[in-house]
Amino acid sequence: MRAIYPGSFSPPTLGHLDIIRRAAKLFGEVVVAVLSQSEKRYLFSLEERKDMLRRILIGVPNARVVSDTGLLADVAKREGADVILRGIRDASDLPLEMQMAAANRQIGGVDTVFLVCSPEYSLLSSSIVRDCARHRAPIAGMVPPEIVNDIYAACLRDVGL
Ligand code: COA
């Protein structure tokens, strides 16, 4: 079975990596899809997010990374995904996830399955990582080591340094 794991990944965190590694043991292939929410402005370009994910997933042979500016349902169809995979950090994630799952099923006829995040990552988010990095606080326990410098560099770029 092929699962598609969509997200904005701005930046990817250890929580995302945990979900991908666990999913790679459950599914024949995991397609990690870097997408965008139309109203959001991202610190990293689509290409930068894809490149960071590629580097941190080198050790996961049945995971590959794609990116797209369009609808998840279309990308899932194009990639031949059997299911959409999402991680749930706590109950507050559920209402939005259920809405997205219903919409994707309606638009694309594809079901969503959920993995519960490992407890050590349940309070982690990309915006926390960005905020810490902007203040030059340590982020080593939040993101894979391969992308720490990319995140500090992007934060400096964002403030025009
Ligand atoms: N560990 C740590 N953090 C996690 C996590 C995990 N396992 N899973 C989610 N998060 C965090 C992210 O870091 C992010 O934090 P932030 O809000 O502080 O930046 C937050 O949860 C949500 O991230 P993500 O899972 O990437 O979802 P998203 O809401 O940014 O992305 C898309 C949603 C991109 C998948 C969705 O908008 C989409 O499908 N877009 C394409 C267009 C489309 O099809 N629209 C219709 C959708 S029904």
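Before any of the text, the structure's been laid out above.
First, a word on what this report is: a plain description of the structure on this page. (Residues numbered from 1 in each chain as written. Predicted model: local features only at pLDDT ≥ 70, side-chain atom pairs only at ≥ 80, totals over all residues. Heavy atoms only, no water.)

### With respect to the overall build of the chain
In plain terms, the rule: Runs of E in the DSSP output that reach at least two residues are strands. Runs of H or I that reach at least four are helices, and both are numbered from the N terminus. Only C-alpha atoms enter the radius of gyration, while the globule expectation follows 2.2 Å times N to the 0.38, with N the number of residues. A 1.4 Å probe rolled over the protein chains alone gives each residue an accessible area, and that area as a share of the maximum for its type sets the label: buried under 20%, exposed over 50%, partly exposed in between. In what follows, residue pairs with any heavy atoms lying within 4.5 Å of each other are defined as contacts. Here the accessible surface of atoms and residues is derived via Shrake-Rupley with a 1.4 Å probe, and residues count as covered only by protein chains that are part of the display. By the counting rule applied here, Lys and Arg register as positive and Asp and Glu as negative, while His and the ends of each chain are not counted. Working definition for charges: the position is that of NZ of Lys, CZ of Arg, CG of Asp or CD of Glu.
Per the secondary structure count, the chain includes 6 helices and 5 strands. Its C-alpha atoms give the chain a radius of gyration of 15 Å, near enough to 15 Å, the size a compact globule of 161 residues would have. Its C-alpha atoms give the chain principal-axis dimensions of roughly 45 × 30 × 30 Å. The buried share of the chain, taken over its 161 residues, is 50%. A separation of at least 24 residues holds for 73% of the contacts in the chain among residues at least 6 apart in sequence. For the chain, the accessible area works out to roughly 8,600 Å², and carbon and sulfur atoms hold 55% of it. Counting 20 positive and 19 negative side-chain charges, the chain places the centres of these two groups 2 Å from one another.

### Considerations on the sheet that holds strand β5 (residues 111-116)
The following threshold applies: Paired strands, in this sense, are two strands between which DSSP finds at least two bridges. Lines fitted to C-alpha atoms define the axes here, with helix axes fitted over just the stretch in contact, and angles between the N-to-C directions of these axes take values from 0 to 180 degrees.
The strand order across the open sheet built from 5 strands is β3-β2-β1-β4-β5, with neighbouring strands paired in parallel fashion. The open sheet has two free edges, formed respectively by β3 (63-67) and β5, since each of these has just one partner strand. In this sheet, adjacent strand axes meet at a mean angle of 30 degrees when their direction is disregarded. Along the sheet, helix α2 (residues 46-56) makes contact with β2 (29-34) and β3, crossing β3 at roughly 175 degrees. Against the sheet, helix α4 (residues 94-108) engages β4 (83-88) and β5, with an angle of about 175 degrees to β4.

### Concerning helix α5 (residues 126-134)
In plain terms, the rule: Of all possible arcs, the one meant is that of the directions from the helix axis to the C-beta atoms.
Listed in full, the buried residues belonging to α5 are S126, V129, C132 and A133. One face of α5 carries all of its buried residues, which in axial projection span an arc of 125 degrees. Contacts from the buried residues of α5 go to α1 (14-26) and α6 (148-158). R136 occupies a position one or two residues after α5 and carries a positive phi of about 60 degrees.

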